[in-house]
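What follows is each chain in one-letter form.
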Amino acid sequence: MAIKQLTPTLSVTAQLTPADIAQAAAIGFRAILCNRPDGEGADQPTAEEMGAAARAAGLDFAYVPAVAGALTDADAIAMRAALDSLPGPVLAYCRSGARAEKLAEMAGALFRQDAAHYDVVIVGGGSAGIATAASILKRRRGIRLAIIEPSEAHYYQPGWTMVGAGVFDSGFTRREEARLIPRGVTWIKASASAFLPDEKQVVLHDDRRVSYGVLIVCPGVKLDWNAIPGLSEALGNDGVTSNYRYDLAPYTNRLVKQFKGGRALFTQPPMPIKCAGAPQKAMYLSCHRWEKADMLGNCDVQFHTAGAVLFGVPAYVPALMDYVRRYGINLNFGSKLVEIDGPSKTAIFEQADGDSVRRVAERFDMIHVVPPQMAPDFIRHSPLAAASGFVDVDEATLRHPRYPDIYALGDACSASNAKTMAAARKQAPVVAVNALATLDGQPPVATYDGYGSCPLTVEAGKIVLAEFGYGGKLMPSFPNWLIDGTRPSRLSWLLKDTILPPVYWHGMLKGREWMVKPCLIGAQS
């Protein structure tokens with residue numbers, strides 16, 4: 001199947017068969033458009049057969065037949081209407097693909113400076129983007145909504161810690177993006193490159209534009225692997241790994257499983273980072289495996305964090321320190337990884353020394369690295385950015401202070417909450433109802449309290465369930481007699497290991513707002 005992409009939302013190809021439909025769906029197409037009249041070829045499947053195959057694969061289908069060599073204005077109008085009604089990206093076909101391409105050109109689908117207007121445009125098809133889209137559609141079916149997202153794969157990233165610990169298989173955390181974007185949403189399979197807020201437009205990587213009534217920005221953070229010289233080249237070899245990448249978490253598992261003693265380093269860069277507890281989780285789970293294998297006494301485990309404390313919310317530190325002492329972990333505060341030499345197994349750290357900074361070389365047998373993180377480049381250099389580089393927002397409504405038709409959530413927004421999946425899950429319904437209110441010309445109607453959760457896996461089978469809001473305020477979801485979040489709990493492990501993955505796939509991404517109903521302004525107790 002030879003496919004020619006015309007725009008981020010439209011491609012053409014030659015005659016398809018029902019057997020090709022599943023492949024088209026796997027690639028990421030969300031609709032099939034047939035431009036070939038029935039009966040034109042002897043072995044040609046009918047539009048009815050193709051439509052049935054498309055619907056069986058979860059795709060939309062439209063039939064806009066046109067006679068080759070005799071295309072009319074009426075054909076172009078019908079093509080335009082179909083493209084406006086179908087969720088993108090669309091795969092159009094005819095006998096050779098040429099007719100579909102010509103119809104698209106006639107319909108103005110190729111050379112329009114401005115792409116179709118949408119009521120709501122979401123930049124980012126990760127957890128926050130899909131959850132927000134689902135929450136919007138739950139409240140207003142038929143709204144014109146588009147998601148701008150280039151990736152074909154979607155990941156349950158909190159699961160990568162468990163992959164590194166040998167608890168989950170990596171494939172358990174990956175699904176096709178096309179299967180997760182809600183029906184009724186147009187998927188613009190492209191990267192955003194700039195914002196024109198005064199014109200209410202998003203510029204795509206190919207210089208095309210998408211216009212909006214309300215814009216929601218949630219593209220996540222940039223993991224800057226190249227900020228540490230030698231790191232990119234070393235990853236995946238010589239004992240250098242990171243659970244912050246899908247392809248490396250299995251390597252973490254292999255390293256820990258095969259480790260026979262020696263020096264193991266775990267690093268944490270300056271804040272903010274997503275899932276601030278993840279660097280420690282990798283360390284505690286590794287130590288627990290070595291403890292069970294009776295090898296912990298042969299291990300020199302060091303935690304190098306650029307921060308000044310073990311965890312930012314003091315209430316959870318005592319329980320964590322119990323495990324630091326139990327595993328014999330050496331804590332190094334104010335120690336930032338700045339260079340790594342994989343072949344020589346040497347890591348260079350910058351450490352505060354009075355009023356100066358000294359460089360310290362540490363040998364390692366294995367090292368788990370967390371890369372520095374920042375807002376994506378197209379956010380940092382945009383008019384939407386706060387001084388931090390992240391999208392500027394009001395911490396309660398998540399609305400941009402200068403552009404009232406723009407909202408942001410998830411890891412890319414400037415709110416001071418912890419950058420966790422739980423935070424995005426709580427933010428999504430708030431942004432959904434506020435975006436709809438803005439679309440209707442009304443002020444925001446809901447507020448976000450800064451809630452975030454960090455299940456700190458201190459050993460296989462036990463978790464310290466840190467839940468907190470703005471200012472480090474403790475915000476437990478369960479009564480203390482059931483789960484005391486400041487102490488390790490087996491029930492919290494069950495929550496992360498068994499309950500949260502299906503809640504993510506079948507709840508959060510489907511717009512089911514279990515325990516995260518938006519708090520309406522004026523309804524707070």
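Residues numbered from 1 in each chain as written. Predicted model: local features only at pLDDT ≥ 70, side-chain atom pairs only at ≥ 80, totals over all residues. Heavy atoms only, no water.

Enquirer: Looking at this model, I keep getting lost on the overall build of the protein chain. Mind explaining?
Expert: The helix and strand inventory of the protein chain stands at 14 helices and 28 strands. By the compact-globule yardstick of 24 Å for 525 residues, the protein chain fits well, its C-alpha radius of gyration being 25 Å. Reported as C-alpha extents along the three principal axes, the dimensions of the protein chain are approximately 80 × 55 × 45 Å. The buried share of the protein chain, taken over its 525 residues, is 57%. In the protein chain, the proportion of contacts linking residues at least 24 apart, taken out of those at least 6 apart, comes to 68%. Carbon and sulfur atoms make up 52% of the accessible area of the protein chain, which amounts to about 21,000 Å² in all. Placing the 53 positive and 51 negative side-chain charges of the protein chain at their respective mean positions leaves the two points 5 Å apart. (Helix = DSSP H or I, 4+ residues; strand = E, 2+ residues; numbered from the N terminus. Rg over C-alpha atoms; globule rule 2.2 N^0.38 Å. Buried < 20%, exposed > 50% of the residue type's maximum accessible area, 1.4 Å probe, protein only. Contact = heavy atoms within 4.5 Å. Areas by Shrake-Rupley, 256 points an atom, 1.4 Å probe, with all protein chains shown as cover. Lys, Arg positive; Asp, Glu negative; His and termini not counted. Charge placed at Lys NZ, Arg CZ, Asp CG, Glu CD.)

Enquirer: Just to check I follow, could you spell out the sheet that holds strand β17 (residues 299-305) for this structure?
Expert: By way of backbone hydrogen bonds, the strands of a sheet pair with one another, either parallel or antiparallel. Strands sit in the order β15-β22-β16-β17-β18 across an open sheet of 5 strands; the sheet is parallel. With one partner strand each, in any of the chains shown, β15 (240-241) and β18 (330-333) form the two edges of the open sheet. For β17 and β18, the ladder comprises 4 bridges, and the chain directions are parallel. Residue pairing across strands places Phe 303 opposite Leu 331, the latter belonging to β18. (Pairing = 2+ DSSP bridges.)

Enquirer: Honestly, the side chain of Asn 434 in this entry has me stumped. Any pointers?
Expert: Summarising the element assignment, Asn 434 is placed in helix α13 (residues 421-439). Its relative accessible area of 0% is what places Asn 434 among the buried residues. A distance of 2.7 Å separates a polar atom in the side chain of Asn 434 from the backbone nitrogen of Val 445. Apart from residues lying up to four places away in sequence, Asn 434 is in contact with Thr 397, Tyr 407, Pro 444, Val 445 and Ala 446. (Polar contact = N/O pair within 3.5 Å; in protein donor to acceptor, adjacent residues only side chain to side chain.)

Enquirer: Help me out: how do you make sense of the sheet that holds strand β1 (residues 3-7) in this one?
Expert: As summarised here, the arrangement of the 5 strands in space is β1-β2-β5-β3-β4, forming an open sheet in which the pairing is mixed. At either margin of the open sheet sits one strand with a lone partner, and together these are β1 and β4 (60-63). Averaged over all adjacent pairs, the angle separating strand axes in this sheet is 25°, with direction ignored. Two strands pair when backbone bridges link them, and β1 and strand β2 (residues 10-13) are joined in this way by 4 bridges, in the antiparallel orientation. For Ile 3, the partnering residue across the bridge sits in β2 and is Thr 13. Against the sheet, helix α2 (residues 47-56) touches β3 (31-34), β4 and β5 (90-93), its axis set at about 165° to β4. In this fold helix α3 (residues 73-85) packs onto β2, β3, β4 and β5, with an angle of close to 170° to the strand it touches most, β3. (Axes fitted to C-alpha atoms, helices over the stretch in contact; angles between N-to-C directions.)

Enquirer: Explain the pattern of salt bridges to me, please; I cannot follow it from the model alone.
Expert: Between side chains of opposite charge, pairing is possible as soon as their charged atoms come close. Counted according to the given criterion, the structure contains 25 salt bridges. With a closest N to O distance of 3.0 Å, Lys 4 and Glu 101 form a salt bridge. In this pair, Lys 4 is assigned in strand β1 and Glu 101 in helix α4 (residues 98-106), connecting sequence segments 97 residues apart. Residue classification places Glu 101 among the partly exposed residues on the basis of a relative accessible area of 24%. Two residues, Arg 325 and Asp 322, come together in a salt bridge whose shortest N-O distance is 2.9 Å. Separated by 3 residues within a single helix, Arg 325 and Asp 322 lie in helix α11 (residues 317-327), roughly one turn from each other. Judged by its relative accessible area of 55%, Arg 325 is exposed. Here Asp 322 falls in the partly exposed class, since its relative accessible area comes to 33%. (Salt bridge = Lys/Arg side-chain N within 4 Å of Asp/Glu carboxyl O.)

Enquirer: Can you walk me through the packing of helix α5 (residues 127-139) against α13 in this structure?
Expert: Think of two packed helices as two axes; the pair is described by the angle between the axes and how far apart they sit. Two elements in contact, α5 and α13, have axes whose closest approach is 8 Å; the angle formed by their N-to-C orientations is 40°. Judged by the inter-axis angle, α5 sits oblique to α13. Of the two elements, α5 crosses α13, and the hand of that crossing is right-handed. Contacts between α5 and α13 involve Ser 127, Ala 128, Ala 131, Thr 132, Ser 135, Ile 136 and Arg 139 from the former and Met 421, Ala 424, Ala 428, Pro 429, Val 431, Ala 432, Val 433 and Leu 436 from the latter. Broken down by class, the residue content of the contact of α5 with α13 amounts to 11 nonpolar, 3 polar and 1 charged. (Parallel < 35°, antiparallel > 145°, perpendicular 65-115°, else oblique. Left-handed = near helix turned anticlockwise from the far one by under 90°. Nonpolar A, V, L, I, M, F, W, Y, C, P; charged D, E, K, R; others polar.)

Enquirer: Honestly, the side chain of Thr 305 in this entry has me stumped. Any pointers?
Expert: Mapped onto the secondary structure, Thr 305 falls in strand β17. In terms of polar contacts, Thr 305 uses its side chain to reach the backbone amide nitrogen of Gly 307, at 3.1 Å. Those residues within four positions of Thr 305 in sequence are excluded, and the remaining contacts are Gln 268, Asn 332, Phe 333, Gly 334 and Ser 335.

Enquirer: Even after reading the chapter, I still don't get α3, so can you show me in this structure?
Expert: Quick reminder: α-helices carry 3.6 residues per turn. Residues three or four places apart thus point the same way. The end-to-end C-alpha distance of α3 is 19 Å, a good match for the 18 Å that 13 residues give at a rise of 1.5 Å each. Of the positions making up α3, those classed as buried are Asp 75, Ala 76, Met 79, Arg 80, Ala 82 and Leu 83. Looking straight down α3, one finds that the buried residues subtend no more than 165° of arc, so they occupy a single side. Exposed positions of α3 whose direction lies more than 90 degrees from the buried face are Asp 73, Ala 74, Ile 77 and Ser 85. Those residues of α3 that are buried lie in contact with β2, β3, β4, β5 and α4. (Expected span 1.5 Å × (residues − 1). Arc of directions from axis to C-beta.)

Enquirer: Which parts of the structure should I look at to understand the environment of Asp 20?
Expert: Position of Asp 20 relative to the elements: it lies in helix α1 (residues 18-27). Linking Asp 20 and Ala 53, residues 33 residues apart in sequence, is a C-alpha distance of 9.2 Å. Apart from the residues within four sequence positions on either side, Asp 20 is in contact with Met 1 and Gln 15.

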